[in-house]
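Structural overview
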Amino acid sequence: MNVIHHIAIICSDKDSALDFYVKKLGFEIIRENYRPERDDWKIDLRLNGETEIELFIMKGHPQRPSPESYGLRHLAFKVEDFDLAVKELEAKGIACEPIRLDTFTGGRATFFRDPDGLPLEIHE
């Protein structure tokens, strides 16, 4: 394995997911496909020409019980200017948790959530 190809996220609402990931976080839409056989949307996004996320917009799926459940815990994004990134998120109405210091790397980090409650992190 060389690199991660993409990360898939199940979302409950197309408009709020696109507003969050595209308008607020800056992902670009690569492909947007409605799948009538599943009555859902599969939307491929890209950030900075590299990182890809697949959004699956699906109705009626169960809520995630906890970020501490087995499986994906959170997604983390590396930022060049940590203070600016926090200010930009908060200016867009995205609440960030108190800033923490990563005891292993020494870098600062904070968490925020997507519209369905998926924990996301920015890390310097």
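Residues numbered from 1 in each chain as written. Predicted model: local features only at pLDDT ≥ 70, side-chain atom pairs only at ≥ 80, totals over all residues. Heavy atoms only, no water.

1. Some words on the packing of aromatic side chains
- Within this structure, the stated rule accounts for five aromatic pairs.
- For the ring pair F20 and Y21, a centre distance of 5.0 Å and an interplane angle of 80° mean the geometry is edge-to-face.
- Measuring from ring centre to ring centre gives 6.4 Å for F20 and F112, while their planes differ by 45°; the resulting arrangement is tilted. In this pair, F20 sits in helix 1 (residues 14–24) while F112 sits in strand 7 (residues 108–113), placing the two residues 92 residues apart along the sequence. (Phe/Tyr/Trp six-rings, centres within 6.5 Å; stacked < 30°, edge-to-face > 60°. Helix = DSSP H or I, 4+ residues; strand = E, 2+ residues; numbered from the N terminus.)

2. Brief notes about unusual backbone geometry
- The phi angle at D39 is positive, at roughly 50°, despite the residue not being glycine.
- With phi around 55°, N48 is a residue other than glycine that occupies positive phi space.
- Tracing the backbone shows N48 in the loop between strand 3 (40–47) and strand 4 (51–57).

3. A short note on the pairing of strand 8 (residues 119–123)
- Taking burial as the measure, the five residues of strand 8 include five buried ones, the bulk of the element.
- Both faces of strand 8 are covered, namely the face carrying P119, E121 and H123 and the face carrying L120 and I122.
- Here strand 5 (residues 75–78) runs beside strand 8; their pairing, made up of four bridges, is parallel. Looking at strand 8, one finds that L75 is bridged to L120.
- Note: strand 7 against strand 8, five bridges, orientation antiparallel. (Buried < 20%, exposed > 50% of the residue type's maximum accessible area, 1.4 Å probe, protein only. Pairing = 2+ DSSP bridges.)

4. Comments concerning the sheet that holds strand 7
- In space, the four strands of this open sheet follow the order 5-8-7-6, with mixed pairing throughout. The open sheet has two free edges, formed respectively by strand 5 and strand 6 (100–101), since each of these has just one partner strand.
- Helix 2 (residues 82–91) contacts strand 7 and strand 8 of the sheet and is inclined by roughly 15° relative to strand 7. (Contact = heavy atoms within 4.5 Å. Axes fitted to C-alpha atoms, helices over the stretch in contact; angles between N-to-C directions.)

5. Here we look at the nonpolar core
- Counting residues in each nonpolar core, the largest one holds 27 residues, and the members touching the most others are Y21, L25, L55, F112, L120 and I122.
- Taken together, the elements giving at least two residues each to this core come down to strand 1 (7–11), helix 1, strand 3, strand 4, strand 5, helix 2 and strand 8. (Core = buried A, V, L, I, M, F, W, Y, C linked by side-chain atoms within 4.5 Å.)

6. Things to note about the pattern of salt bridges
- Summed over the entire model, instances satisfying the criterion amount to twelve salt bridges.
- Taking the shortest distance from any N to any O, the salt bridge between D44 and R31 comes out at 2.9 Å. Of the two residues, D44 is situated in strand 3 and R31 in strand 2 (residues 28–35); the sequence distance between them amounts to 13 residues.
- When its relative accessible area of 4% is taken as the criterion, D44 is described as buried.
- One salt bridge in this structure joins E52 and R46, with 3.5 Å as the shortest N-O distance.
- The class of E52 is buried, set by a relative accessible area of 16%.
- A cluster of three or more residues bridged by salt bridges with shared partners is formed by R31, K42, D44 and E54. (Salt bridge = Lys/Arg side-chain N within 4 Å of Asp/Glu carboxyl O.)

7. Structural notes on the side chain of D44
- There is a polar contact of 2.7 Å between the side chain of D44 and the side chain of K42.
- Residues contacting D44, with those up to four places away along its chain left out, are E28, I29, I30, R31, I53 and E54. (Polar contact = N/O pair within 3.5 Å; in protein donor to acceptor, adjacent residues only side chain to side chain.)

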